[in-house]
Amino acid sequence: MANPLREVLARHVDAGTIPGAIATYGRECDPLLVGSAGTGGGALKADAIVRIQSMTKLVTTVAALRLVEQGAIALDDGIESWMPELADRRVLAHPMADVDDTVPAQRPISLRDLLTNQSGYGVVTVDSPLLRAMVDAGLDANNEPVDRGAQEWLAALAALPLAHQPGQGWRYHLGFGILGILLGRVAGTSTSELLRHSVLGPVGMPDTGFRVPEGQEHRLLAAYRRTPEGLVEAEPAGGGFHTGPAPFDESHSELVSTLADYHAFLRALVDGDLVGPALLDELRTDQVDAAAKTPESFFPGFWDGLGWGFGVSVTTAGPHRGRFGWSGGYGTDFFVDPDGTICVVLAQVEMDEQVLAMIGEVLEAVD
């Protein structure tokens with residue numbers, strides 16, 4: 001019997017989109033291996049460790065929701081009690097204003113704002129004084145590992161105004177770096193320890209974390225980006241930022257994981273083993289008002305039939321209504337359908353038009 005997921009991935013291996021991918025589709029984790037471990041060949045193994053980039057957002061979201069259920073913080077609590085660096089925020093007077101042309105924030109940034117990308121911090125898609133200031137501060141969107149410790153990163157962010165009033169716009173990504181730092185402060189421990197005790201340990205995710213487990217570096221795949229000459233290594237197999245001791249506090253960073261670990265996480269989440277039904281329903285329900293879904297908030301067409309819940313995109317129209325999921329910047333992707341069916345695809349090529357096309361074909365192929 002033909003396997004549509006295999007067919008899509010094999011076609012993109014043959015086309016040079018990716019060297020290979022590890023994937024699964026269904027209620028259980030049934031690993032599918034297509035292609036090779038890298039451009040130089042080599043066997044691809046089901047237990048390979050990969051950089052999941054923005055698929056981290058759902059993991060830290062779940063850790064935050066568990067703190068909510070424990071009463072440590074509420075969704076609509078202002079975060080300045082734990083993050084005084086972000087008290088008394090200033091907001092751009094208008095989108096093209098100079099960074100010193102600001103008005104006071106009407107209210108504090110809340111945990112809900114972070115989970116829904118509505119804090120006022122995030123990707124700016126049009127040339128403006130704020131975008132130029134973000135580039136100068138090294139806070140513009142890119143696929144590179146974090147280059148400074150959490151406190152230094154937060155200080156650079158705090159020096160910039162918000163792009164919009166908290167809760168009144170949508171800007172991707174940077175709020176989840178703030179969330180990573182907030183988690184440890186609310187819990188009174190390191191974010192790494194919180195994730196281990198709250199999510200990774202209970203689910204059984206031994207290969208997921210900010211660092212590749214010691215002695216397992218050989219399982220880490222190379223990461224690639226496309227150039228006119230072909231795929232080149234962005235980070236080497238068995239090396240790079242996520243290997244060895246942490247160079248600094250990386251609470252604002254992103255994780256590595258495996259197919260088995262991430263599938264187990266999603267299974268535990270949708271089976272109700274991590275958060276209760278009320279918060280799970282909010283997580284997978286669109287939380288963004290239509291007024292915030294402006295064309296410049298992200299890439300063109302992003303909001304067509306799509307919304308954003310807590311840490312994930314949510315399909316709001318069409319045959320896949322109710323599906324939630326998200327991608328990572330090195331060609332990883334997952335989604336969960338309303339019936340609990342899970343799809344995870346793990347490649348390691350930086351997002352570009354070809355990788356995005358592959359993910360789009362996967363989303364349609366496994367109906």
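Refer to the structure presented above.
Being a predicted model, the structure only gives us computed values, none of them experimental.

Rules and cut-offs
- Residues numbered from 1 in each chain as written.
- Predicted model: local features only at pLDDT ≥ 70, side-chain atom pairs only at ≥ 80, totals over all residues.
- Heavy atoms only, no water.
- Phe/Tyr/Trp six-rings, centres within 6.5 Å; stacked < 30°, edge-to-face > 60°.
- Helix = DSSP H or I, 4+ residues; strand = E, 2+ residues; numbered from the N terminus.
- Buried < 20%, exposed > 50% of the residue type's maximum accessible area, 1.4 Å probe, protein only.
- Lys NZ or Arg CZ within 6 Å of the ring centre and 35° of its normal.
- Disulfide = S-S within 2.5 Å.
- Salt bridge = Lys/Arg side-chain N within 4 Å of Asp/Glu carboxyl O.

Thoughts on the packing of aromatic side chains
For step 1, the next point in the chain: This model, assessed by the stated rule, comprises 18 aromatic pairs.
For step 2, the next point in the chain: Consider the rings of W170 and W308, whose centres lie 5.8 Å apart with planes at 65°: the pair is edge-to-face. Here the residue W170 occupies a position in the loop between α5 (150-158) and α6 (174-187), and W308 occupies one in strand β9 (residues 306-308), the gap between them amounting to 138 residues.
For step 3, the next point in the chain: Of the residues examined, W170 reaches a relative accessible area of 0% and is grouped as buried.
For step 4, the next point in the chain: When the ring of Y172 is compared with that of F298, the centres are 5.1 Å apart and the planes differ by 45°; the resulting orientation is tilted. Of this pair, Y172 sits in the loop between α5 and α6 while F298 sits in the loop between α9 (277-283) and β9; the two residues are 126 residues apart in sequence, bridging distant segments of the chain. You'll find Y172 and F298 in the same group, each marked buried.
For step 5, the next point in the chain: Among the aromatic residues, ring-to-ring pairing joins W170, Y172, F298, F299, F302, W303, W308 and W326 into one connected group.
For step 6, the next point in the chain: Cation over ring: R211 sits above F241, and NZ or CZ is 4.9 Å from the ring centre.
For step 7, the next point in the chain: For R323, the ring lying beneath its charged end belongs to F335, and the centroid distance is 3.7 Å.

Digging into the state of the cysteines
For step 1, the next point in the chain: By the definition in use, this model includes 0 disulfides.
For step 2, the next point in the chain: Residue C29 stays outside any disulfide, its sulfur separated by 11 Å from that of C343, the closest cysteine.
For step 3, the next point in the chain: Overall, the relative accessible area of 1% leaves C343 in the buried class.

A word on the pattern of salt bridges
For step 1, the next point in the chain: The tally for this structure, following the rule as stated, stands at 21 salt bridges.
For step 2, the next point in the chain: Between D47 and R219 there is a salt bridge, with its nearest N and O atoms 3.5 Å apart. Note that D47 is positioned in the loop between β2 (32-35) and β3 (50-53) and R219 in the loop between α7 (191-203) and β6 (223-227), a separation of 172 residues in sequence.
For step 3, the next point in the chain: Here R219 falls in the buried class, since its relative accessible area comes to 12%.
For step 4, the next point in the chain: With a shortest N-O distance of 3.2 Å, R267 and D271 are connected by a salt bridge.
For step 5, the next point in the chain: A relative accessible area of 11% places R267 in the buried class.
For step 6, the next point in the chain: Residue classification places D271 among the partly exposed residues on the basis of a relative accessible area of 41%.

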